[in-house]
2 protein chains.
Amino acid sequence: MELPESLTNSIEQLKRLPGVGEKSAIRYALDILRWQTGDVEQFAESIAQLSQIKKCQRCNMYSDEEICSICSNVKRKEAKILCVVETISDLIAIEKSNNFFGSYFVLNGVLNPLMGVGPEELKLDKLVSIIKLENIDNVILAINPSVEGDATCSYLNSLLPSVTNVERIGFGIPMGGSLEYLDSLTIKKALENRRKF
Amino acid sequence: MELPESLTNSIEQLKRLPGVGEKSAIRYALDILRWQTGDVEQFAESIAQLSQIKKCQRCNMYSDEEICSICSNVKRKEAKILCVVETISDLIAIEKSNNFFGSYFVLNGVLNPLMGVGPEELKLDKLVSIIKLENIDNVILAINPSVEGDATCSYLNSLLPSVTNVERIGFGIPMGGSLEYLDSLTIKKALENRRKF
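Quick caveat: nothing in here was measured; it's all calculated off a predicted structure.

Caption draft 1: Broad picture of the overall build of chain A. From N to C terminus, chain A includes eight helices and six strands. Reading chain A from its N terminus to its C terminus gives the helix and strand order α-α-α-β-β-α-β-α-β-α-β-α-β-α. Here the C-alpha radius of gyration of chain A, 22 Å, is well above what a compact globule of 197 residues would show, namely 16 Å. Over its C-alpha atoms, taken along the principal directions, chain A stretches across nearly 65 × 45 × 40 Å. When each of the 197 residues of chain A is scored for burial, the buried share is 41%. Contacts spanning at least 24 positions in sequence make up 48% of the contacts within chain A whose residues lie at least 6 apart. Accessible surface, chain A: about 11,100 Å² in total, of which carbon and sulfur atoms supply 53%. Here chain A contributes 22 positively and 26 negatively charged side chains, and the mean placements of these two sets differ by 7 Å.

Shown next as structure tokens:
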């Protein structure tokens, strides 16, 4: 295949994106070639800027500053409610739902001794000191249900001061879900988590 | 949603790619954030270079130089066989198949009087003069089957010197296809285009 070098290069680079194969990469490259010069440069510039991004010193989320916009938001700080998530993607999913107005802490994983992930790797001591220093009243453990996730929640609960109200997000039937197609474990959890109507 | 500006920017930009929505854009951006700085810059640089790409003066394909690498390839020129395609994507598809070793001409469309696409828009005079000047012996019309495509082929055939051998690519059952699931028109074409076994 003889194509212009710049086109071949960009196709090779676009193939590095997750789930993007040769066909999609060609489609993206040909689409970009139809954009105006300014738009292409703006696109490339916005990607290049991602290499400059930092991690927030408080919550471990990506941030343009030392402290991210969520952690430096006074209203969110004053809410004294902290949501603990496994990954940055989980944080973004909660932010997108527009239903949480406190601050976050990203663990970047869950306890997994077999894989060498202990409390130090998750910076649990930093999390505990933030909760104590900022007098956080409520901690929401938005950690996905799994053996490691459950263990992480139990361990975290044992570390936190007894005055802190620690809660885990609800498990049950997702919106739009149908009992018919759900697995037994989800149905078991949904039955356990029933609430007065 | 409160995210770092650079992340929001790059998500917005990634959403401009064809078929990429919010979820895929976030997935791409978070993946890029995990790359090494050098890799991110290389990626952005390769995209930015696309804005510098030219069009080949001979065949209308994208090119880094005035004449693309295919047109300036002596072996391909000496084959004296020219493949006429509708779009650059079609050219890339043929190049990827590694089955054609002549040169190309990209029409960038087909005749469509209702949409204001006439012989001038497709630069058919340029195509005819290339065929005459370079003494092309064989012209392959790799134009997709459609009313406009058929009309374009007929018109082109009438323009070309009678000494030139003009052929259209074969129509029939695609490899891996099954008669059971093919449309009547394809089956009709496949029956018409039968060859001695």
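Caption draft 2: Structural context of the interface of chain A and chain B. Opposite the 57 residues of chain A that make contact, chain B presents 57 residues. Between chain A and chain B, roughly 5,300 Å² of surface is buried when both sides are summed, and carbon and sulfur atoms account for 65% of that area. Arginine 16 of chain A is paired through a salt bridge with aspartate 39 of chain B; the nearest N and O atoms lie 3.1 Å apart. At the junction of chain A with chain B, the criterion picks out seven residue pairs in polar contact (both at pLDDT 80 or more). Within the residue set of the side of chain A that touches chain B, elements represented by two or more residues are α1 (5–14), α2 (22–33), α3 (37–49), β2 (62–63) and α5 (88–97) of chain A.

Caption draft 3: Molecular detail of the sheet that holds strand β6 (residues 165–168) of chain A. All names here are of chain A. Pairing is parallel in the open sheet, where four strands are placed in the order β4-β3-β5-β6. On the outer flanks of this sheet lie β4 (103–106) and β6, each paired with one strand and no other. Each adjacent strand pair in this sheet contributes to an overall mean axis angle of 25 degrees, direction not counted. The pairing of strand β3 (residues 81–85) with strand β5 (residues 138–142) spans five bridges and is parallel. Each residue of the ladder has a partner; that of valine 84, found in β5, is leucine 141. Of the strands in this sheet, β3, β4 and β5 touch α5, which is tilted by about 160 degrees from β4. In the packing of helix α7 (residues 147–159) onto the sheet, the strands contacted are β3, β5 and β6, and the crossing angle to β6 comes to about 175 degrees.

Caption draft 4: Examining the relation of the copies chain A and chain B more closely. Here chain A sits on chain B after a turn of 180 degrees about the axis and a move of 0.0 Å along it, with an RMSD of 0.0 Å. Such a combination of turn and shift is consistent with a two-fold rotation axis. Taking C-alpha positions as the reference, the residue of chain A nearest the rotation axis is alanine 44 of chain A, at 2.3 Å. Interface overlap between copies is the fraction of interface residues in one copy that are interface residues in the other; for chain A against chain B it reaches 100%, indicating a shared surface.

Caption draft 5: Spatial organisation of the packing of α5 of chain A against helix α2 (residues 22–33) of chain B. It is the contact of α5 of chain A with α2 of chain B, at a shortest axis distance of 11 Å, that shows an interaxial angle of 145 degrees. Handedness of the α5 of chain A/α2 of chain B crossing: right-handed. Across from Ile88, Ser89, Ile92 and Lys96 of chain A in α5 of chain A, the residues of α2 of chain B making contact are Glu22, Lys23, Ile26 and Leu30 of chain B. Residue classes in the contact of α5 of chain A with α2 of chain B are distributed as four nonpolar, one polar and three charged.

Caption draft 6: A look at the packing of aromatic side chains. One pass over the structure, following the stated rule, counts five aromatic pairs over all chains. Measuring from centroid to centroid gives 6.4 Å for tyrosine 28 of chain A and tyrosine 28 of chain B, while their planes differ by 65 degrees, and the two rings are edge-to-face. You can see tyrosine 28 of chain A sitting in helix α2 and its partner tyrosine 28 of chain B sitting in helix α2, one on each of two chains. In this pair, the class of tyrosine 28 of chain A matches that of tyrosine 28 of chain B, namely buried. The residue whose ring lies beneath arginine 16 of chain A is tryptophan 35 of chain B, and the NZ or CZ to ring-centre distance is 4.5 Å.

Caption draft 7: Local environment of the pairing of β4 of chain A. Where burial is concerned, the two faces of β4 of chain A agree: the one with Ser103 and Phe105 of chain A and the one with Tyr104 and Val106 of chain A are both buried. Once the chain exits β3 of chain A it traverses α5 of chain A before rejoining the sheet at β4 of chain A, and the crossover so formed is right-handed.

Caption draft 8: Representation of the packing of α3 of chain A against helix α1 (residues 5–14) of chain B within the structure. Two numbers describe how α3 of chain A lies on α1 of chain B: the axes approach to 9 Å, and their chain directions differ by 140 degrees. Taken together, the axis directions place α3 of chain A and α1 of chain B in an arrangement best described as oblique. Like other packed secondary-structure pairs, α3 of chain A and α1 of chain B cross with a definite hand, here left-handed. The segment α3 of chain A lies against α1 of chain B, with Asp39, Gln42, Phe43, Ser46, Ile47 and Gln49 of chain A engaging Ser6, Asn9, Ser10, Gln13 and Leu14 of chain B.

Caption draft 9: Spotlight on the sheet that holds strand β4 (residues 103–106) of chain B. Residue and element names in this part refer to chain B. The strand order across the open sheet formed by four strands is β4-β3-β5-β6, and the pairing between neighbours is parallel. Taken across any chain shown, the strands that pair with only one partner, and hence form the sheet edges, are β4 and β6 (165–168). Taking each pair of neighbouring strands and ignoring which way they run, the sheet shows an average axis angle of 25 degrees. Against the sheet, helix α5 (residues 88–97) contacts β3 (81–85), β4 and β5 (138–142), and its axis sits at roughly 160 degrees relative to β4. The strands that helix α7 (residues 147–159) touches are β3, β5 and β6; relative to β6, the one it contacts most, it runs at about 175 degrees.

How each quantity is defined
Residues numbered from 1 in each chain as written. Chains lettered and ligands numbered in written order. Predicted model: local features only at pLDDT ≥ 70, side-chain atom pairs only at ≥ 80, totals over all residues. Heavy atoms only, no water. Helix = DSSP H or I, 4+ residues; strand = E, 2+ residues; numbered from the N terminus. Rg over C-alpha atoms; globule rule 2.2 N^0.38 Å. Buried < 20%, exposed > 50% of the residue type's maximum accessible area, 1.4 Å probe, protein only. Contact = heavy atoms within 4.5 Å. Areas by Shrake-Rupley, 256 points an atom, 1.4 Å probe, with all protein chains shown as cover. Lys, Arg positive; Asp, Glu negative; His and termini not counted. Charge placed at Lys NZ, Arg CZ, Asp CG, Glu CD. Buried area = accessible area lost by both parts, 1.4 Å probe. Salt bridge = Lys/Arg side-chain N within 4 Å of Asp/Glu carboxyl O. Polar contact = N/O pair within 3.5 Å; in protein donor to acceptor, adjacent residues only side chain to side chain. Pairing = 2+ DSSP bridges. Axes fitted to C-alpha atoms, helices over the stretch in contact; angles between N-to-C directions. Least-squares fit on C-alpha atoms with pLDDT ≥ 70 in both. Left-handed = near helix turned anticlockwise from the far one by under 90°. Nonpolar A, V, L, I, M, F, W, Y, C, P; charged D, E, K, R; others polar. Phe/Tyr/Trp six-rings, centres within 6.5 Å; stacked < 30°, edge-to-face > 60°. Lys NZ or Arg CZ within 6 Å of the ring centre and 35° of its normal. Right-handed = clockwise from strand over helix to strand, strands pointing away. Parallel < 35°, antiparallel > 145°, perpendicular 65-115°, else oblique.

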